[in-house]
Amino acid sequence: MRRRTAALALGTAAAMVLTGCSTMSPGESGTVTLNMVESLTNPARTDLLEELIADFEEKNPKVKVNLVSPPTEQADQKLQQMLQSGSGVDVLEVRDITVGPWSNNGWLYDMKKDLAGWKGWDALTDNAVAASEDDKGRTYFVPYGFYGLSLFHRTDLIKEAGFDKPPATWEELLEQASKIHDPSSRRYGYAFRGGANAHSNATAAIEAYVADRIDPANGYLLKDGKTIFSAPEALDAMEMYLKLFKQASPKSSVAWGYPEMVEGFSNGSTAFLLQDPEVIATVSESKSLDANQWSTAPLMAGPSGKTVQPLATAGWGVAEGSKHKAEAVKLVQFLSEGEASTRFTKGNSLVPILKAAAEDDFYRSGPWASYVTMTENPDTYLVVTQPRGVAWWTEWQQRADTDVQKMILGKLTPKELLAGWDAYWTEKWKK
Amino acid sequence: MSGTSTPTSGVTAAPSVRKEGAPPRGGTGGGRRRREFTTRRGLVVAAFMAPAAVFVALFTYYPMIAGSQMAFRNWNLTDLTDTSWVGFKNFREVFTDPAWGTVLGNTALWVVGSIVPQLVIGFALALWLRRRFRLRGLYQALIFFPWAISGFLIGILFRWMFNSEFGVVNDLLQKAGLIDEPVAWLADPDTAMIAVLVANVWYGVTFFAIMILAALQSIPDELYEAAALDGAGKARTLFRITIPYIRVTLVLTVLLRVIWIFNFPDLIFGMTGGGPNDETHIVTTWMIKITQQGDYGKASALGLLVVAVLLVFAMFFLTATRERGGGRRGAGRGGKRGVRA
């Protein structure tokens, strides 16, 4: 009896070890399995990706793709750990904020040579081609789309307040939002971003104010080589921005991040919201707002009448540790052209990477039109590369978010905030 | 049962005490004959334990030891080209960070401010649930439900409930006439701390209620009957019988909870993210923030500090509880005194 139980226990232990090993055995001969990991995961997007992958597998019967979808909040950290271990990832989602550190660590594969003869390049917009190369001409990812800001606004409230069109400049936004703002009747002017990512809208305002002098290759620098935060116009921008909080935004927006901002607009209580195009889908489903009560307008300009599109992007890349790079590049190509790309950008409300999209009715009408306007007028809506790829970007984001909160809580003046930011970037770039 | 009415027999009652979550005490065997220990028997035991031991060693201790070396290296994910040894630099950075004082203060407030109300309310709930009434099982299930929800999710739920403009908390307070205009709970560092504490108290009451109720059910009714016969009032019964009798459970639950709450960043992370102005960070949320910046070296140093503090705390607490004798023996004495008084 005892011998039998001992054998049973040993057997169980052995079975556990063996099952652990069995996943390492190679698959059927000739079939390659790619592990693909996404980062900005959401359930609808994962379903769409699965469909696109099924199309790819149908066209490439010898390639199987295994999609891994970690929850968004931890996805980049999970990816980092997988990349650090050197295996388990073939194709991955690379973001403009992760490409710098990851390529620096030698985790990403430069697809430049593999894509040299790719016919897909001709169909891409200039923005997309530019974003697919880093400053040394290496291709670590091909963008699948862009996230850009536009002004979601309540057409009815603007009219009621006596204005005939949505604000075209930040000053006009301040004026209109202040007039509409009435907390006692639970009506708010502007969905201020004070929580996570607070710095992004603050720097958008600063860039609009210095648009005339900004360095197109680096959105945080002026053409004379100083940081944008050192410019006197930056102080005007931050003083205006602080007024926007004090005069036109709900008090609790000190802590507002993405969900609160979008909720504030789509539940009908807030008149203005600066957000990415993906919010179009959310607002369209709102039960509090009819389609004729809201629209989007191009991003507001600074005093010079120009502004800067703070485009953010992400795309598909290949891991340096991948043993199936040829197949992996094939999948990246498939996702970056034709039908697959169009379906992906439409399904996720992204600014498209294909030139042909400008002719598409989907993008020419309704809330999407402002994005086409911005893309078609690059002299007013300047395309400027943001320094989002620097290794210290996350550190900067967290520091800058806290500073914006300090400013609106009255613990830091706009002048002190800008001096701190100027010193931070000057120091970082000196190294 | 007799073990509780006479102080000396408490020793023999020890095995049943252990069932209720108390630590094993030495000398429980008494006069009982031990089973002979043979090599073969040892092998069987080892074989049964092997899978768990291998698993824990591989997936808990190895990563812990491998990870702790990062605390002494320049380990920043944004640049892994230089991972040289830097001695105690990461620890120095933690101690000299301007946020360190706030973080420590918040952690103390978080632990004490959560555990005291959790214990008091949990105790009251357990006492209430101990009585027999209709649908008691249903009430018990409902009260224990929060414990089954993830802390992060609770954080997100409470973040909405405490939202100044759209949240239910302000709405109810206004309807009750307690406030005139909405309080921006999560926008002010002081009220944000209150909000996260309220959420944590709500969450943790359940655990105390479960543990204390289980202990309460082990108190023999005879004791209460005897107390009633001797004319002991409700307060005296509570302090002379109930509390002494379940002291071991109380002490251990508090110990466990201190460690868990100290190590519980989920709720704050979901609710305030450590803000506004970084003023609601506790040690563990701060560690997450540093991890997000990619500085695994500094985060690892902080992690080691947390482990060290908790180890010292656990050792101190376990020693203190052992010295007092604790448990049923003490309870028996206390109970007896109570009844006699």
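These figures come from a predicted structure and were not determined experimentally. (Residues numbered from 1 in each chain as written. Chains lettered and ligands numbered in written order. Predicted model: local features only at pLDDT ≥ 70, side-chain atom pairs only at ≥ 80, totals over all residues. Heavy atoms only, no water.)

1. Describing a negative patch on the surface
Residue and element names in this part refer to chain A.
Turning to step 1, where the next piece is worked out: A cluster of acidic residues, Glu171, Glu175, Asp236 and Glu239, forms a negative patch on the protein surface.
Turning to step 2, where the next piece is worked out: For the negative patch, the secondary structure elements donating two or more residues are α7 (170–180) and α9 (232–248).
Turning to step 3, where the next piece is worked out: Tracing the sequence through the fold places Glu239 in helix α9.
Turning to step 4, where the next piece is worked out: On the accessibility criterion, Glu239 (39% relative accessible area) is partly exposed. (Patch = residues over 30% accessible without salt bridge, like charges linked within 9 Å, V, L, I, M, F, W, Y side chains within 5 Å. Areas by Shrake-Rupley, 256 points an atom, 1.4 Å probe, with all protein chains shown as cover. Salt bridge = Lys/Arg side-chain N within 4 Å of Asp/Glu carboxyl O. Lys, Arg positive; Asp, Glu negative; His and termini not counted. Charge placed at Lys NZ, Arg CZ, Asp CG, Glu CD. Helix = DSSP H or I, 4+ residues; strand = E, 2+ residues; numbered from the N terminus. Buried < 20%, exposed > 50% of the residue type's maximum accessible area, 1.4 Å probe, protein only.)

2. Notes on the packing of helix α9 (residues 189–216) of chain B against helix α12 (residues 247–262) of chain B
All names here are of chain B.
Turning to step 1, where the next piece is worked out: Put simply, α9 and α12 touch, their axes get as near as 10 Å, and they point 155 degrees apart. As far as their axial angle goes, α12 and α9 are roughly antiparallel. Here the hand of the crossing between α9 and α12 comes out right-handed. Touching Asn200, Gly204, Phe207, Phe208, Met211, Ile212 and Ala215 of α9 are Thr249, Leu250, Thr253, Val254, Leu256, Arg257, Trp260 and Ile261, all from α12.
Turning to step 2, where the next piece is worked out: Broken down by class, the residue content of the contact of α9 with α12 amounts to 10 nonpolar, four polar and one charged. (Axes fitted to C-alpha atoms, helices over the stretch in contact; angles between N-to-C directions. Parallel < 35°, antiparallel > 145°, perpendicular 65-115°, else oblique. Left-handed = near helix turned anticlockwise from the far one by under 90°. Contact = heavy atoms within 4.5 Å. Nonpolar A, V, L, I, M, F, W, Y, C, P; charged D, E, K, R; others polar.)

3. Topic: the environment of Pro43(A)
Turning to step 1, where the next piece is worked out: Along the chain, Pro43(A) turns up in helix α2 (residues 43–59).
Turning to step 2, where the next piece is worked out: When the C-alpha atoms of Pro43(A) and Gly86(A) are compared, they prove to be 27 Å apart, with 43 residues separating the residues in sequence.

4. Looking at the packing of aromatic side chains
Turning to step 1, where the next piece is worked out: The tally for this structure, following the rule as stated, stands at 45 aromatic pairs over all chains.
Turning to step 2, where the next piece is worked out: With a centroid separation of 5.2 Å and 65 degrees between ring planes, the pair formed by Phe192(A) and Phe245(A) is classed as edge-to-face. Of the two residues, Phe192(A) sits in the loop between β6 (188–190) and α8 (198–209) while Phe245(A) sits in helix α9, which places them 53 residues apart along the sequence.
Turning to step 3, where the next piece is worked out: Exposure remark for Phe192(A): the relative accessible area of 0% places this residue in the buried category.
Turning to step 4, where the next piece is worked out: Of the residues examined, Phe245(A) reaches a relative accessible area of 10% and is grouped as buried.
Turning to step 5, where the next piece is worked out: A ring pair is formed by Tyr220(A) and Trp396(A), whose centres lie 5.8 Å apart and whose planes are at 70 degrees; its orientation type is edge-to-face. With Tyr220(A) in strand β8 (residues 218–222) and Trp396(A) in helix α16 (residues 393–408), this pair connects stretches of sequence that are 176 residues apart. We note that Tyr220(A), like Trp396(A), is buried.
Turning to step 6, where the next piece is worked out: In this structure an aromatic cluster arises from ring pairing among Tyr220(A), Phe229(A), Trp392(A), Trp393(A), Trp396(A), Trp421(A), Tyr424(A), Trp425(A) and Trp429(A).
Turning to step 7, where the next piece is worked out: Over the aromatic face of Tyr109(A) sits the side chain of Lys325(A), whose NZ or CZ is 5.2 Å from the ring centroid.
Turning to step 8, where the next piece is worked out: Here Arg73(B) stacks its cationic end above the ring of Trp85(B), 4.8 Å away from the centre of that ring. (Phe/Tyr/Trp six-rings, centres within 6.5 Å; stacked < 30°, edge-to-face > 60°. Lys NZ or Arg CZ within 6 Å of the ring centre and 35° of its normal.)

5. Quick word on the sheet that holds strand β1 (residues 32–37) of chain A
Residue and element names in this part refer to chain A.
Turning to step 1, where the next piece is worked out: On the basis of which strands lie adjacent, the open sheet formed by five strands has the order β2-β1-β3-β12-β4 and mixed pairing. Strand pairing shows two members of the sheet lacking a second neighbour, β2 (63–68) and β4 (142–147), which therefore form its edges. Neighbouring strand axes in the sheet, compared pairwise and without regard to direction, differ in orientation by 25 degrees on average.
Turning to step 2, where the next piece is worked out: By the bridge criterion, five bridges tie β4 to strand β12 (residues 312–318) in an arrangement that is antiparallel. Paired with Val142 across the two strands is Trp316, which belongs to β12.
Turning to step 3, where the next piece is worked out: The strands that helix α3 (residues 72–85) touches are β1 and β3 (91–95); relative to β3, the one it contacts most, it runs at about 125 degrees.
Turning to step 4, where the next piece is worked out: Running over the sheet, helix α12 (residues 325–335) touches β1, β2, β3, β4 and β12 and is turned about 145 degrees from β12. (Pairing = 2+ DSSP bridges.)

6. Some points on the confidence of the model for chain A
Turning to step 1, where the next piece is worked out: For chain A, per-residue confidence averages 89 on the pLDDT scale, and 93% of positions sit at 70 or higher.
Turning to step 2, where the next piece is worked out: The model gives residues 12–27 of chain A a pLDDT under 50, and that stretch makes three contacts with residues more than four places away or in other chains. (pLDDT = per-residue confidence, 0-100.)

7. What about the sheet that holds β6(A)?
Residues and elements named next belong to chain A.
Turning to step 1, where the next piece is worked out: Pairing is mixed in the open sheet, where four strands are placed in the order β6-β9-β5-β10. Single-partner strands in this sheet number two, and they are β6 and β10 (294–297). Between one strand axis and the next, the sheet turns by 20 degrees as a mean value, whatever way the strands run.
Turning to step 2, where the next piece is worked out: The pairing of β6 with strand β9 (residues 270–275) spans two bridges and is parallel. Across the sheet, the residue bridging to Tyr190 is Phe272, located in β9.
Turning to step 3, where the next piece is worked out: Along the sheet, α7 makes contact with β5 (150–154), β6 and β9, crossing β9 at roughly 150 degrees.

8. Let's talk about the nonpolar core
Residues and elements named next belong to chain A.
Turning to step 1, where the next piece is worked out: If you look at the biggest cluster of nonpolar residues, it comprises 123 residues, and the most contacted ones within it are Met36, Trp170, Tyr241 and Trp396.
Turning to step 2, where the next piece is worked out: Per-element tally for this core: the top contributor is α9, with nine residues.
Turning to step 3, where the next piece is worked out: For this core, the domains that each give at least three residues are domain 1 (29–147 + 312–359) and domain 2 (150–310 + 377–430).
Turning to step 4, where the next piece is worked out: Once you skip the residues sitting within four places of it in the chain, Trp170 turns out to touch Tyr190, Asn201, Ala204, Ala205, Ala208, Tyr209, Met240, Tyr241, Leu244, Leu274, Met300 and Ala301. (Core = buried A, V, L, I, M, F, W, Y, C linked by side-chain atoms within 4.5 Å. Domains from an automatic or database assignment.)

9. As for the confidence of the model for chain B
Residues and elements named next belong to chain B.
Turning to step 1, where the next piece is worked out: Mean pLDDT over chain B works out to 82, with 83% of the residues at or above the 70 mark.
Turning to step 2, where the next piece is worked out: The model gives residues 325–341 a pLDDT under 50, and that stretch makes 31 contacts with residues more than four places away or in other chains.
Turning to step 3, where the next piece is worked out: This prediction of the complex comes with two scores: 0.78 for pTM and 0.71 for ipTM.

10. Some details on the side chain of Glu260(A)
Turning to step 1, where the next piece is worked out: Here Glu260(A) is to be found in helix α10 (residues 258–266).
Turning to step 2, where the next piece is worked out: Looking at Glu260(A), its side chain comes within polar contact range of the side chain of Arg159(B), at 2.4 Å. (Polar contact = N/O pair within 3.5 Å; in protein donor to acceptor, adjacent residues only side chain to side chain.)

11. Some remarks on the domain arrangement of chain A
All names here are of chain A.
Turning to step 1, where the next piece is worked out: Per the domain assignment, the segments of chain A are domain 1 (29–147 + 312–359) and domain 2 (150–310 + 377–430).
Turning to step 2, where the next piece is worked out: A C-alpha centroid distance of 30 Å is found between domain 1 and domain 2.
Turning to step 3, where the next piece is worked out: Taken together, the 11 residues of domain 1 in the interface contact 11 residues of domain 2.
Turning to step 4, where the next piece is worked out: For domain 1, the biggest contributors to the area lost against domain 2 are Ile97, Tyr147 and Ser349; these three give 51% of the whole.
Turning to step 5, where the next piece is worked out: The interface formed by domain 1 and domain 2 contains one salt bridge.
Turning to step 6, where the next piece is worked out: On the surface where domain 1 and domain 2 come into contact, there are three residue pairs in polar contact (both at pLDDT 80 or more).
Turning to step 7, where the next piece is worked out: Broken down by secondary-structure element, the contributors of at least two residues to the side of domain 1 that touches domain 2 are α4 (99–104) and β4. (Buried area = accessible area lost by both parts, 1.4 Å probe.)

12. With respect to the interface of chain B and chain A
Many descriptions give the size of an interface as the accessible area lost when the pieces come together.
Turning to step 1, where the next piece is worked out: At the interface, 35 residues of chain B touch 40 residues of chain A.
Turning to step 2, where the next piece is worked out: Counting each side, the surface lost to burial between chain B and chain A is near 3,300 Å², with a carbon and sulfur contribution of 55%.
Turning to step 3, where the next piece is worked out: Among the residues of chain B in contact with chain A, Glu165(B), Phe166(B) and Asn277(B) are the three that bury the most area, contributing 19% of the side total.
Turning to step 4, where the next piece is worked out: Here chain B and chain A share four salt bridges between them.
Turning to step 5, where the next piece is worked out: A salt bridge links Glu279(B) to Lys411(A), with the nearest nitrogen and oxygen atoms 2.9 Å apart.
Turning to step 6, where the next piece is worked out: Between the two partners, chain B and chain A, sit nine residue pairs in polar contact (both at pLDDT 80 or more).
Turning to step 7, where the next piece is worked out: Going through the elements one at a time, α3 (39–68), α7 (151–161), α8 (168–175) and α14 (283–292) of chain B are the ones with two or more residues in the side of chain B that touches chain A.
Turning to step 8, where the next piece is worked out: Among the residues forming the side of chain B that touches chain A, the class breakdown is 16 nonpolar, 10 polar and nine charged.

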